[in-house]
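# Structural overview
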Amino acid sequence: MNKFNKEERLCSKKSLDLLFKNGSSFLLYPFRVTYYFVAEPHLFPAQVVINVAKKRYKHAVDRNLIKRRTREAYRLQKEQQLYPNLLNRNELLLLSLQYVGKEKYDYSFFEKKLALAFKKLNTLIAAHENN
RNA sequence: AAUGCAAGCUGUUCUAUCGCCCCGAUCUUGUAUCGGGGAGGAAAGUCCGGGCAACAUAUAGCAUCUCGCUUCCUAACAGGAAGGCAUUUAAGAAUGAAAACUUAAAUGACAGCAAGUGCCACAGAAAAUAUACCGCCCCGAUUUAUCGUGGUAAGGGUGAAAACGUGAGGUAAGAGCUCACGAAUUCGUUAAGUGAUUAACGUUUUGGUAAACCUCGGGAGUUGAAAGACCAAAUAGGCUAACGCAUGUAGGGCUGCUCGUCCGAUGUUAGUGGGUAGGUCGUUAAAGAUAAAUGGCGACAUUUAUAUUAGAUUAAUGAUAGAAGUCCCAGCCUUGUGUUGGGAAACAGAACCCGGCUUAUAAGCUUGCAUUUUUU
RNA sequence: GGUCGAGUGGCCGAGAGGCUUAGGCUCAGCUCUGCAAAAGCUGCUACAGCGGUUCGAAUCCGCUCUCGACCU
């Protein structure tokens, strides 16, 4: 089952401040991914926030469309791509996906790019653990 | 019939799989199962007007902002309805030709320049108290075709705009200087109309500009749900009341100013409290929608009936696949409400709620106007 | 969600009803030089868009677009 509940979203203002102040980030077009680990175990191994700038997209319709496609891609892939690497850790991953693309793409593009982003994130986490 | 423009109306439907937000029910009390609901005509822009809430009691005066033909509608409005007037266009009839007239449509920030002040570039003699370039006239001088003192706004040319137009009298020449007819205009009387206004008569005046200052009349207290109310946990520099102290002082708040009013340093005692973060309410049933009847020219109002009801808060209403209908393009022959293949579907996403306005809109339908072609 | 401000050549920026707009920087050409720089001369390129008021609009008024700031 590929669910996506409120508990998997990052809503707390405090956590957001923590994430953007201390988190590390990388760019994988069209996403800018920011992540940070906190030592507070949660029902789910990760909480995510999706972000589209008002400056880049004037109309609310376009922003909603991008957010919905990103969310759908995240929902369908997190179980296979992201969660297995996190389950053995006793920490919560705070994750932010900022959309920085210039155009509107099809859903398949989102799916492909998000998979690549997950792959890169996993390697980075592994590297961090080894150090 | 086609195309274009303008105004108005509608603003695709169904199935499967995987999800999201809210509400209700059940018991196995868990990210459980079942059932129900889930964007718009503009949800947009935030351009106006209200409700609601807090602050203030100072809805005081001034300043500031805003509205501006009339009557009506409305909770209210810079909105709407009906009318008046003006301008433009078209047609009609009239005429030598126009103007005026009649009808229709469109447009109008449509109070006042006859309260005062300012401004009117360049050109032009002069842009508002007529300061006379050419021209016209009187008088004087003489070198006899020129000069000088004056008068004159009829003619010339300039300009966006030239001292109301035509004719006559008048005069040295001229001039609303006088008269007749006419144009616009102020005020008054009479008549019609609720009124704007219209008609007649008398009277006054004769450049434009108030989206120039301004005058007159009406309206606006300020802030905006991130307003505001409440809840439980823990710690302060906080708050309240009483007393004391000083000329209620320094200083500060209340709307920009005035006037007025309120608070008011430091000490003692008693009580209360919640920086920040979180949750609940505010928050979705309403000046609401649809239908009918009645009243009204109409906007709209009244009565009755009916069915419902988005409610998030890093912010739901989606993704994938398929089918049907609509429109467009191409092919086929059986030329049809045919069939096959390919494409298109706009503008745009609620965030406290309503009433308007404005702007954006594929495709279809309705109405009006314009152009072109064909037929009669 | 709400409140407010701005838009003038490639860039900065004055102008607040009247000559298609002051000045500086940049760019192009010429003069000067053996070649450049500096200096001098000449030139190019603008009122965000649409509509209205006015004889006349960058300026006044309305709508639209773009950019920016503030309220947590």
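Summarised in this report is the structure supplied together with it. (Residues numbered from 1 in each chain as written. Chains lettered and ligands numbered in written order. Predicted model: local features only at pLDDT ≥ 70, side-chain atom pairs only at ≥ 80, totals over all residues. Heavy atoms only, no water.)

### Concerning the protein's contact with RNA strand B
To keep things clear, this is the line we draw: Any residue with at least one heavy atom within 4 Å of a molecule or strand is counted as near it. Whenever a nitrogen or oxygen atom comes within 3.5 Å of another N or O atom, the pair is scored as a polar contact, on the condition that within protein one atom can donate a hydrogen and the other can accept it, and that pairs from neighbouring residues in sequence are kept only if both atoms are in side chains.
Taken together, the neighbourhood of RNA strand B is formed by 22 residues, with Asn5, Lys6, Leu10, Leu16 and Phe44 sitting nearest. Protein-adjacent atoms of RNA strand B, using a 4 Å cutoff, are sugar or phosphate at a proportion of 65%. A distance of 3.4 Å is found between a phosphate oxygen of RNA strand B and a backbone nitrogen or oxygen belonging to Ala60. One nitrogen or oxygen atom from the side chain of Arg75 is found 3.0 Å from a sugar or linking oxygen belonging to RNA strand B.

### Thoughts on the sheet that holds strand β3 (residues 46-52)
Threshold: We treat two strands as partners when DSSP finds at least two bridges between them. Only DSSP runs of H or I reaching four residues or more are called helices, and only runs of E reaching two or more are called strands; each is numbered from the N terminus. For helices, the fitted line uses only the C-alpha atoms of the stretch in contact; every axis is such a line through C-alpha atoms, and the angle between N-to-C directions lies from 0 to 180 degrees. The criterion used for residue contact is that any of the two residues' heavy atoms lie within 4.5 Å.
With respect to topology, 4 strands assemble into an open sheet ordered β1-β2-β4-β3, the strand pairing being mixed. At either end of the open sheet lies a strand with only one pairing partner, and these are β1 (24-28) and β3. Along the sheet, successive strands turn relative to each other by an average axial angle of 20°, direction set aside. Where β1 lies against strand β2 (residues 31-38), 5 bridges are found, and the strand directions are antiparallel. Across the sheet, the residue bridging to Leu28 is Phe31, located in β2. The strands touched by helix α2 (residues 60-82) within the sheet are β2, β3 and β4 (92-99), with β3 carrying the most contacts at an inclination of about 155°.

### Some thoughts on the side chain of Thr70
With respect to the helices and strands, the residue Thr70 is situated in helix α2. Contacts of Thr70, omitting those with residues within four sequence positions, involve Phe31, Ile50, Leu97, Phe110 and Leu114.

### Comments concerning α2
The following threshold applies: The angle between axes fitted to the seven residues ending at a residue and the seven residues starting there is what we call the bend at that residue. In this scheme, a residue with accessible area under 20% of its type's maximum is buried, one over 50% is exposed, and one in between is partly exposed, where area comes from a 1.4 Å probe on protein chains only.
Maximum bend of α2: about 40°, positioned at Leu76. Asp62, Arg63, Ile66, Thr70, Ala73, Tyr74, Gln77, Lys78 and Leu82 are the residues of α2 that are buried.

### Remarks on the packing of aromatic side chains
Quick reminder of the rule: Here a pair means two rings of Phe, Tyr or Trp (six-membered ring of Trp) with centres within 6.5 Å. Their orientation is stacked below 30 degrees between planes, edge-to-face above 60, and tilted elsewhere.
Evaluated as defined, the whole model comprises 6 aromatic pairs. Look at Phe109 and Phe110: their rings are 6.5 Å apart centre to centre, the planes differ by 85°, and that puts the pair in the edge-to-face class. Take Phe109 and Phe110: they sit in the same class, and that class is buried.

### Considering the pattern of salt bridges
Counted only if it meets this: One side-chain nitrogen of Lys or Arg within 4 Å of one carboxyl oxygen of Asp or Glu is enough to make a salt bridge.
Taken as a whole and judged by the stated rule, the model has 1 salt bridge. Here Arg75 ties to Glu72 by a salt bridge, and the two come within 2.7 Å at their closest N and O atoms. Residue Arg75 and its partner Glu72 are both found in helix α2; the two are separated by 3 residues, about one turn of the helix.

Just distances and angles here, no functional claims.
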